[in-house]
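Listed below are the residues making up each chain.
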Amino acid sequence: MDTSFSPPAADVVTTGTNATPASHAEAARPASLLDRYFSIRALGSSVRTEVIAGITTFLAAMYIIVVNPAILSSTGMAFPAALTATVLISFLGSCAMGLYARNPVLVAPGMGLNALFAFTMVHGVGMPWQTALGCVFWSGILFALLAALNVRRFVVDAIPSNLRYAISCGIGLFITLIGLVDAKLVVGDPVTVVRLAHLSPATVTFLIGLALTSVLVARRVNGALMIGIVVTTLMSVPIGRLWGDGSAYFPKEIATATLVNWHGFFAAPDFSGIGQLDLLGALKVGYLPFIFVMLFTAFFDTLSTFMSIAEAGNMKDRDGNPRNMRQAMIVDSFSVLISGPLGTSPANAYIESAAGIAQGGRTGLTAVVCGLMFLPFLFLSPMLSLVPAIATAPALILVGVFMMESVARIEWHRMDEAIPSFIALVMIPISYSITDGIAYSFLAFVVLKLFTGRAKEIKPAMWVVAALAVLLLTQM
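Residues numbered from 1 in each chain as written. Predicted model: local features only at pLDDT ≥ 70, side-chain atom pairs only at ≥ 80, totals over all residues. Heavy atoms only, no water.

- The chain has the name Adenine permease AdeP in an unreviewed UniProt entry, where Pandoraea terrae is given as its organism.
- Listed in UniProt under the heading Sequence similarities (unreviewed entry), the comment for the chain reads: "Belongs to the nucleobase:cation symporter-2 (NCS2) (TC 2.A.40) family. Azg-like subfamily."
- Database annotation for the chain, UniProt heading Subcellular location (unreviewed entry): "Cell membrane". (UniProt positions renumbered as here; feature names shortened; annotations may be inferred.)

Observations regarding the nonpolar core
- With 118 residues, the main nonpolar core has F117, L303 and F442 as its most contacted residues.
- Broken down by element, this core gets its largest block of residues, 13 residues, from helix α13 (residues 288–313).
- The residues that make up this core include at least three from each of domain 1 (42–264 + 273–403) and domain 2 (412–475). (Core = buried A, V, L, I, M, F, W, Y, C linked by side-chain atoms within 4.5 Å. Buried < 20%, exposed > 50% of the residue type's maximum accessible area, 1.4 Å probe, protein only. Helix = DSSP H or I, 4+ residues; strand = E, 2+ residues; numbered from the N terminus. Domains from an automatic or database assignment.)

A closer look at the packing of aromatic side chains
- If you walk through the whole model with that rule in mind, you get six aromatic pairs.
- Their ring planes at 85 degrees and their centres at 5.0 Å tell us that Y37 and F38 sit as a pair that is edge-to-face.
- Here Y37 falls in the partly exposed class, since its relative accessible area comes to 31%.
- Between the aromatic rings of F174 and Y432, the centroid separation amounts to 5.1 Å while the plane-to-plane angle is 90 degrees, which identifies the pairing as edge-to-face. One end of the pair, F174, is in helix α9 (residues 161–182); the other, Y432, is in the loop between α19 (415–431) and α20 (434–451), with 258 residues separating them in the sequence.
- Within the aromatic cluster, the residues linked to one another by ring pairs are F58, F374 and F377.
- Over the ring of Y37 we find R102, and its NZ or CZ is 3.8 Å from the ring centre. (Phe/Tyr/Trp six-rings, centres within 6.5 Å; stacked < 30°, edge-to-face > 60°. Lys NZ or Arg CZ within 6 Å of the ring centre and 35° of its normal.)

Points about the state of the cysteines
- In the structure shown here, the tally under the stated rule is zero disulfides.
- With no disulfide of its own, C370 has C95 as its nearest cysteine by sulfur position, at a separation of 8.9 Å. (Disulfide = S-S within 2.5 Å.)

Details of the packing of α9 against α19
- For the pair α9 and α19, interaxial distance at closest approach is 7 Å and the crossing angle is 20 degrees. Relative to α19, the element α9 lies roughly parallel. For the crossing formed where α9 meets α19, the hand is right-handed. Residues N162, L163, A166, I167, C169, G170, I171, L173, F174 and L177 of α9 form the contact with α19, whose own contacting residues are E417, P420, S421, A424, L425, I428 and P429.
- Residues belonging to the contact of α9 with α19 are distributed by class as follows: 13 nonpolar, three polar and one charged. (Axes fitted to C-alpha atoms, helices over the stretch in contact; angles between N-to-C directions. Parallel < 35°, antiparallel > 145°, perpendicular 65-115°, else oblique. Left-handed = near helix turned anticlockwise from the far one by under 90°. Contact = heavy atoms within 4.5 Å. Nonpolar A, V, L, I, M, F, W, Y, C, P; charged D, E, K, R; others polar.)

Some remarks on the pattern of salt bridges
- In this structure the tally under the stated criterion is 10 salt bridges.
- A salt bridge links D416 to K449; the shortest N-O distance between them is 2.5 Å. Within this pair, whereas D416 is found in helix α19, its partner K449 is found in helix α20, the two being separated by 33 residues in sequence. Here D416 matches K449 in class, with each residue buried. (Salt bridge = Lys/Arg side-chain N within 4 Å of Asp/Glu carboxyl O.)

As for the environment of V407
- Mapped onto the elements, V407 comes out in the loop between α18 (389–402) and α19.
- Note: C-alpha distance between V407 and S421 (14 residues apart in sequence) is 9.5 Å.
- Contacts of V407, omitting those with residues within four sequence positions, involve C169, W412 and L425.

Right, dumping it as structure tokens:
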């Protein structure tokens, strides 16, 4: 197990002869209801650690409350209605993940899926946004059937261990890239594709925050990532006031220019988007491929997220598979199912959950705390502007560091295993898509095994997955 993902010694509660005096004292108390329900001590955690982990995950992913409605509003949906739907699905999905699946994983509208919804289905094909919401609902129905039939077990069993390790590392690199882009340290370039940005007050503040957070992590300070986010946020305030950088300061004139009737830090929720989906219109023959693309993307985003998190945080069952995976897939399918009626693009498990797991979160209490953190922003969404992207970027970059441990387990001397693993490792961050990167790696695995005389190593489910990967890549 990667010790970077373990809570500091002072917070880990152990049992047996090696227990610390603090753990003896805690063990002497009657087990609390939370401890009994979530098995907190049994999993080597504490309530304090779980709460800190939940807050850390929220801080790393709260951008979705503003970003998702900004994308969806381009389709004609009302910004405040999309924002309300985003908060509701994040609260309901995360709490369901914590209470039923008992996993420390955030559920919220998926980045990528919202772009598919807005730019491909609505703008590209001309589908009304109400019909697109209907497609979300029907993809949720199919997802729920797959989850109920436990199809994920056959898919997970078909994925070789080398690919699992590579997917985990690839997602870690993807998270790091997101952090670097959010910090505006890595920018686009017409000649070199990407390059390092010139130093500015914002990037210098980010680098200081990264250095501080790295030191805290190296010294195994409990809550290091959350402390780093808070301190970097405080350092960011002068940037907006003195240099006018909107990424770090939310001036009043910007607030009054938005589509929401802001009153300081208060914004009333808008429930007008609930129930606006067009179920029958979504069943037109021309729209069916989009239902299946949504299904495939949501299914594998969830599957890959849980595989990578389980690998990095050592949260596995006796068979070496992600813990409570069936229950987690049911929760995710439920979240997709209710996303359409609530008025948003599909929700799924968030890879930013790794930030909370890096802080020691091991139980469903982390997800419940994270879900509860969303609820006040039905009314206080303008406050999100106080935490800029450069403040959460250091946490994302360090999570990428934590998730690279599995790269040493890949059998690099076996080319039929190493090449597909390398493709997953590279294509996930480069394509800026977990699903696309995995699809290419699965196809490479099948082709190499088939043409090197090792077709027997391809399990039946992998053939099906490879066929679905072709369908996905031709539709995107």
